[in-house]
Amino acid sequence: SPADLLCAVPYLVGFHPAESLVVTGFTGRPPDGRLRLTTRWDLPLVPGALDLVVPLLAREGVTQVMIAGFGPGALVTPAMDAVVPMLREAGVDVVEALRAEGGRYWSYLCRDVRCCPPEGVPYDARSSAIAAEATVHGMVALPDRHSLRRSLTPVDGRERASMRRATARATAEFRRRLAAADRPDDFAAEFVAAGMARVRHALRVHRAGGRLGDDEAARLGLDLAVIRVRDEAWILIDDDTIGAHLELWRDLARRLEPRFTPPAASLLGAAAWRNGECALAGLAVERALGADPGY
């Protein structure tokens with residue numbers, strides 16, 4: 001139902017959106033469908049904001065969408081006037097197009113006043129069955145996008161100082177072992193193998209609800225600086241372990257020293273994208289490029 005969609009959106013994007021346009025894409029044909037992706041834009045739309053939406057939906061095999069605009073009509077209606085015809089022309093079924101504001105919604109597609117009266121239809125996103133189901137499955141809807149951004153804020157204070165010391169120890173040990181190595185090729189192979197073992201260990205720790213110590217985290221950050229180790233970690237991301245990947249790479253993206261952040265942030269972005277958390281994926285990529293624009 002429209003209310004179900006609006007109640008699900010905060011959990012799909014990771015926060016309660018405001019002044020936003022959200023497109024939720026499904027595969028299959030109405031009334032059946034499987035959720036494929038959810039993506040969001042700020043309102044008002046900047047020129048060219050929607051240029052990539054049709055190629056994105058085509059690449060992901062999306063055949064039907066539900067669209068939700070959050071905010072006053074003056075913001076939402078121009079966006080709807082742009083996106084709905086564009087998607088229909090591309091052959092995508094627009095199942096529903098809604099505007100939500102102040103705990104009420106209005107449909108751009110339904111003209112029946114019995115179900116869609118002019119004053120809007122009330123709904124409660126926080127007390128719905130959808131919200132309860134999402135919470136049971138560990139999904140989180142933060143109050144706003146700023147809260148999601150803050151969830152990636154680097155640690156500071158004593159925790160930052162401790163990680164800085166741990167990083168210094170890890171890099172000093174690496175240089176010592178490299179200088180003592182007789183055969184560089186053998187050293188590189190051993191480094192990659194040990195790095196992958198540490199990746200798997202870290203995932204087991206997080207699947208069990210734990211967290212790496214500072215020295216373990218710093219050493220893993222050093223391992224991930226090698227592209228081979230990062231890519232091997234990337235390959236391990238699957239549906240069964242997605243939760244552990246999200247927790248591990250988010251934790252490392254916050255704790256590692258800036259020069260070691262991009263690999264962990266990139267892995268977080270990949271895991272978030274696979275899990276349908278487009279907003280988190282985008283923030284993770286921003287974090288990686290903020291630390292190293294050429295990464």
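Please refer to the structure higher up on the page.
Residues numbered from 1 in each chain as written. Predicted model: local features only at pLDDT ≥ 70, side-chain atom pairs only at ≥ 80, totals over all residues. Heavy atoms only, no water.

*Asks:* What is the right way to look at the overall build of the protein in this model?
*Replies:* In terms of regular secondary structure, the protein is built from twelve helices and six strands. Each principal axis of the C-alpha atoms in the protein carries an extent, and together these give about 80 × 40 × 35 Å. In the protein, buried positions account for 46% of the 295 residues. Carbon and sulfur atoms make up 54% of the accessible area of the protein, which totals about 15100 Å². In the protein, which carries 37 positive and 38 negative side-chain charges, the distance between the mean positions of the two groups comes to 5 Å. (Helix = DSSP H or I, 4+ residues; strand = E, 2+ residues; numbered from the N terminus. Buried < 20%, exposed > 50% of the residue type's maximum accessible area, 1.4 Å probe, protein only. Areas by Shrake-Rupley, 256 points an atom, 1.4 Å probe, with all protein chains shown as cover. Lys, Arg positive; Asp, Glu negative; His and termini not counted. Charge placed at Lys NZ, Arg CZ, Asp CG, Glu CD.)

*Asks:* Help me understand the layout of surface pockets, please; the structure alone is not making it clear to me.
*Replies:* Here the idea is plain: a probe the size of a water molecule rolls over the atoms and shows the empty space left. Estimates place the volume of the largest pocket at around 970 Å³. Lining the largest pocket are 30 residues; nearest its centre among them are Met-139, Arg-274, Asn-275, Gly-276 and Glu-277. Every element with two or more residues in the lining of the largest pocket is listed here: helix H1 (2-13), strand E2 (34-42), helix H10 (242-255), helix H11 (261-274) and helix H12 (278-291). Here the lining of the largest pocket is composed, by residue class, of 13 nonpolar, nine polar and eight charged. Within this model, the second largest pocket holds a volume of roughly 430 Å³. Thr-39, Arg-40, Trp-41, Leu-56 and Cys-278 are the residues nearest the centre of the second largest pocket, which is lined by 20 residues in total. Those elements that place two or more of their residues in the lining of the second largest pocket are E2, helix H2 (53-59) and H12. (1 Å grid on protein atoms, 1.4 Å probe; cavity = no way out; pocket = protein on both sides within 12 Å on 5 of 7 lines; lining within 4 Å. Points joined across faces, edges and corners; volume = space filled by probe spheres on them. Nonpolar A, V, L, I, M, F, W, Y, C, P; charged D, E, K, R; others polar.)

*Asks:* Teacher, can you tell me more about the packing of aromatic side chains here?
*Replies:* What describes a pair of aromatic rings is the distance from one ring centre to the other and the angle between the planes of the rings. One pass over the full model with this rule turns up four aromatic pairs. An angle of 70° between the planes, with centres 5.5 Å apart, marks the rings of Phe-174 and Phe-191 as edge-to-face. Placement of the pair is Phe-174 in helix H6 (residues 157-180) and Phe-191 in helix H7 (residues 184-207), with a sequence separation of 17 residues. On the basis of an interplanar angle of 40° and a centroid distance of 6.3 Å, the ring pair of Phe-187 and Phe-191 is categorised as tilted. Remark: Phe-191 and Phe-187 occur in helix H7; sequence separation between them is four residues, near one turn of the helix. Exposure remark for Phe-191: the relative accessible area of 5% places this residue in the buried category. An aromatic cluster of three or more residues is present, and its members are Phe-174, Phe-187 and Phe-191. Residue placement shows Arg-99 over the ring face of Trp-106; its charged tip is 4.3 Å from the ring centre. (Phe/Tyr/Trp six-rings, centres within 6.5 Å; stacked < 30°, edge-to-face > 60°. Lys NZ or Arg CZ within 6 Å of the ring centre and 35° of its normal.)

*Asks:* Explain the nonpolar core to me, please; I cannot follow it from the model alone.
*Replies:* The nonpolar side chains of a soluble globular protein tend to be buried, and buried together. Counting residues in each nonpolar core, the largest one holds 54 residues, and the members touching the most others are Val-199, Leu-220, Leu-224, Trp-249 and Leu-252. Residue contacts for Val-199: discarding those within four places in its chain leaves Leu-220, Leu-224, Val-229, Ala-233, Leu-236 and Trp-249. Val-23, Leu-43, Val-92 and Tyr-108 belong to the second largest nonpolar core, which has 23 residues in total. (Core = buried A, V, L, I, M, F, W, Y, C linked by side-chain atoms within 4.5 Å. Contact = heavy atoms within 4.5 Å.)

*Asks:* How do you make sense of the pairing of strand E3 (residues 64-70) when you look at a structure like this?
*Replies:* Successive residues of a regular strand alternate their side chains across the two faces of the sheet. In terms of residue burial, E3 counts as a mostly covered element, since six of its seven residues are buried. The β-α-β motif built from E3, the intervening helix H3 (residues 73-89) and the parallel element strand E4 (residues 93-101) has right-handed crossover chirality. (Right-handed = clockwise from strand over helix to strand, strands pointing away.)

*Asks:* Even after reading the chapter, I still don't get the side chain of Arg-219, so can you show me in this structure?
*Replies:* Its location among the elements puts Arg-219 in helix H8 (residues 214-224). Once residues within four sequence positions are removed from consideration, Arg-219 is found in contact with Ala-170, Arg-177, Phe-191 and Arg-198.

*Asks:* Whenever I open this one, the environment of Ala-180 confuses me. Can you help?
*Replies:* If you trace the backbone, Ala-180 turns up in helix H6. In the structure, Ala-180 is positioned 84 residues away from Glu-96 in sequence and 65 Å away in space, judged by C-alpha atoms.

*Asks:* Got a minute to help me understand the environment of Gly-69 in this structure?
*Replies:* Among the structural elements, Gly-69 can be located in strand E3. Here the alpha-carbon distance between Gly-69 and Leu-21, two residues 48 residues apart in the chain, equals 4.5 Å. With near-sequence residues (within four places) excluded, Gly-69 lies in contact with Ser-20, Leu-21, Val-76, Met-80, Leu-98, Arg-99 and Ala-100.

*Asks:* What exactly am I supposed to notice about the pattern of salt bridges here?
*Replies:* A side chain of one charge can pair with a side chain of the opposite charge when the charged atoms of the two come close. In the structure shown here, the tally under the stated rule is 21 salt bridges. One salt bridge in this structure joins Arg-169 and Asp-215, with 2.9 Å as the shortest N-O distance. Of the two residues, Arg-169 sits in helix H6 while Asp-215 sits in helix H8, which places them 46 residues apart along the sequence. A relative accessible area of 43% places Asp-215 in the partly exposed class. Between Asp-186 and Arg-183 there is a salt bridge, with its nearest N and O atoms 2.6 Å apart. Classification of Asp-186 as partly exposed rests on a relative accessible area of 34%. By relative accessible area, Arg-183 is classed as exposed at 57%. Here the residues in one salt-bridge network are Glu-159, Arg-211, Asp-214, Asp-251 and Arg-255, joined through shared partners. (Salt bridge = Lys/Arg side-chain N within 4 Å of Asp/Glu carboxyl O.)

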